[in-house]
Amino acid sequence: MTDEDYLRIALEEAQASAEAGEVPVGAVLVCGGNIVALGQNRVLRDFDPTAHAEIVAMREAAKVGNNHRLTGCSLYVTLEPCAMCAGAMIHARLERLVVGADDPKAGAAGSVLSVLNHPRLNHQMEVARGVLAEECGEVLRRFFRERRS
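The structure presented is a predicted model; accordingly, all values stated were derived computationally and were not measured. (Residues numbered from 1 in each chain as written. Predicted model: local features only at pLDDT ≥ 70, side-chain atom pairs only at ≥ 80, totals over all residues. Heavy atoms only, no water.)

K.L.:
Quick question: what am I supposed to make of the overall build of the protein here?
P.N.:
Helix and strand counts for the protein come out as five helices and five strands. Radius of gyration (C-alpha) of the protein: 14 Å, near the 15 Å computed for a compact globule of 149 residues. Going through the 149 residues of the protein one by one, you find that 48% of them count as buried. Counted over contacts in the protein with a minimum sequence separation of 6, partners at least 24 positions apart contribute 55%. Total accessible area computed for the protein in this model is approximately 7500 Å², and 52% of it derives from carbon and sulfur atoms. (Helix = DSSP H or I, 4+ residues; strand = E, 2+ residues; numbered from the N terminus. Rg over C-alpha atoms; globule rule 2.2 N^0.38 Å. Buried < 20%, exposed > 50% of the residue type's maximum accessible area, 1.4 Å probe, protein only. Contact = heavy atoms within 4.5 Å. Areas by Shrake-Rupley, 256 points an atom, 1.4 Å probe, with all protein chains shown as cover.)

Encoded structure:
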C-alpha cells in the first residue's frame, strides 16, 4: 500500500471521530507493511486530554507488540501532531511520520514548533508532509464550519 492508501484509512478514522463529536483527526500505525493499530481523537469520549488520535494508535500498537518501542514503524496522521504527540513519537522511536494537513496553530513537526528532529534530541525520524493535505484539511474545515452554524 502507498502513503496515500494509509492516509485514506486515517481519514476514515477522522470521519468516525467527527461523527462521535470529536475533533476529526485519524491515525494509522503500520509496522512491517501491516496495519497494527488505528486511532481517532477520543478526548471527549474518554475524558482524557491525552487521547489524541496519535496517542491512541501508539498505545494500541505498543500493547499488540508488547513493547513500548515502535522501532521500524510508521505513523500516518491526518493533522500535524502537537507537542505532546510529537514527544510521544520520539519516545516510541518511530521510524517515520506521514502528515496530511499542517496545523498552523499547534503543529510541532515544523509549523509552529520543531519538536521532531530537533538536533539536540536523541532520536530522529523521517517526516513526510502534505500527503492528501487538501482532503485532510477539508475534513477539519467542514467539522468546524458545522459546529459554528
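K.L.:
Could you clarify how one ought to interpret the nonpolar core in this entry?
P.N.:
Taken as a class, soluble globular proteins show a tendency for nonpolar side chains to be buried jointly. Counting residues in each nonpolar core, the largest one holds 45 residues, and the members touching the most others are Leu 29, Met 89 and Leu 94. Elements represented by at least two residues in this core include exactly helix H1 (3–19), strand E1 (26–31), helix H3 (53–65), strand E3 (73–79), helix H4 (83–92), strand E4 (96–101) and helix H5 (133–148). Tallying contributions element by element places H1 first for this core, with six residues. Among all residues touching Leu 29, those that are not within four sequence positions of it are Asn 34, Ile 35, Val 36, Ala 37, Ala 57, Met 58, Ala 61, Leu 70, Cys 73, Ser 74, Leu 75 and Leu 94. (Core = buried A, V, L, I, M, F, W, Y, C linked by side-chain atoms within 4.5 Å.)

K.L.:
Could you clarify how one ought to interpret the state of the cysteines in this entry?
P.N.:
Put plainly, two cysteines are in a disulfide when a covalent bond ties their sulfur atoms together. For the coordinates displayed, the defined rule picks out one disulfide. Here Cys 31 engages in a disulfide with Cys 73; their sulfurs sit 1.9 Å apart. Because the sign of the S-S torsion sets the handedness, a value of about 105° for the bond joining Cys 31 and Cys 73 places this disulfide among the right-handed ones. Here Cys 73 lies in strand E3 and Cys 31 lies in strand E1, a separation of 42 residues in the sequence. No disulfide involves Cys 82; its sulfur sits 3.7 Å from that of Cys 85, the nearest cysteine. A relative accessible area of 19% means that Cys 82 is categorised as buried. This cysteine, Cys 136, is not joined by any disulfide, and Cys 85 carries the nearest cysteine sulfur, 15 Å off. (Disulfide = S-S within 2.5 Å.)

K.L.:
Teacher, can you tell me more about the pairing of E4 here?
P.N.:
Each regular strand carries side chains that alternate between the two faces of the sheet. Judged by how many residues are buried, E4 sits mostly within the fold: six of six residues are covered. Sheet analysis places E3 next to E4, joined by five bridges and oriented parallel. Residue pairing for E4: Leu 79 is matched across the bridge by Ala 101. Note on the crossover from E3 through H4 to E4: the handedness is right-handed. Pairing analysis gives three bridges linking E4 to strand E5 (residues 126–128), with the strands arranged parallel. Paired with Val 98 across the bridge in E5 is Ala 128. (Pairing = 2+ DSSP bridges. Right-handed = clockwise from strand over helix to strand, strands pointing away.)

K.L.:
I'm lost on the packing of aromatic side chains in this one. Help?
P.N.:
According to the stated counting rule, one finds two aromatic pairs in the structure shown. For the pair Tyr 6 and Tyr 76, a centre-to-centre distance of 4.9 Å together with 35° between the ring planes defines the contact as tilted. Taken together, the positions of Tyr 6 in helix H1 and Tyr 76 in strand E3 put the pair 70 residues apart, joining distant regions of the chain. For the residue pair Tyr 6 and Tyr 76, the accessibility class agrees, reading buried in each case. Measuring from centroid to centroid gives 5.1 Å for Phe 143 and Phe 144, while their planes differ by 80°, and the two rings are edge-to-face. You can call Phe 143 buried: its relative accessible area is 8%. Taking the relative accessible area as the measure of exposure, Phe 144 reaches 33% and is therefore partly exposed. (Phe/Tyr/Trp six-rings, centres within 6.5 Å; stacked < 30°, edge-to-face > 60°.)

Interpretation in functional terms is not warranted from these geometric data alone.
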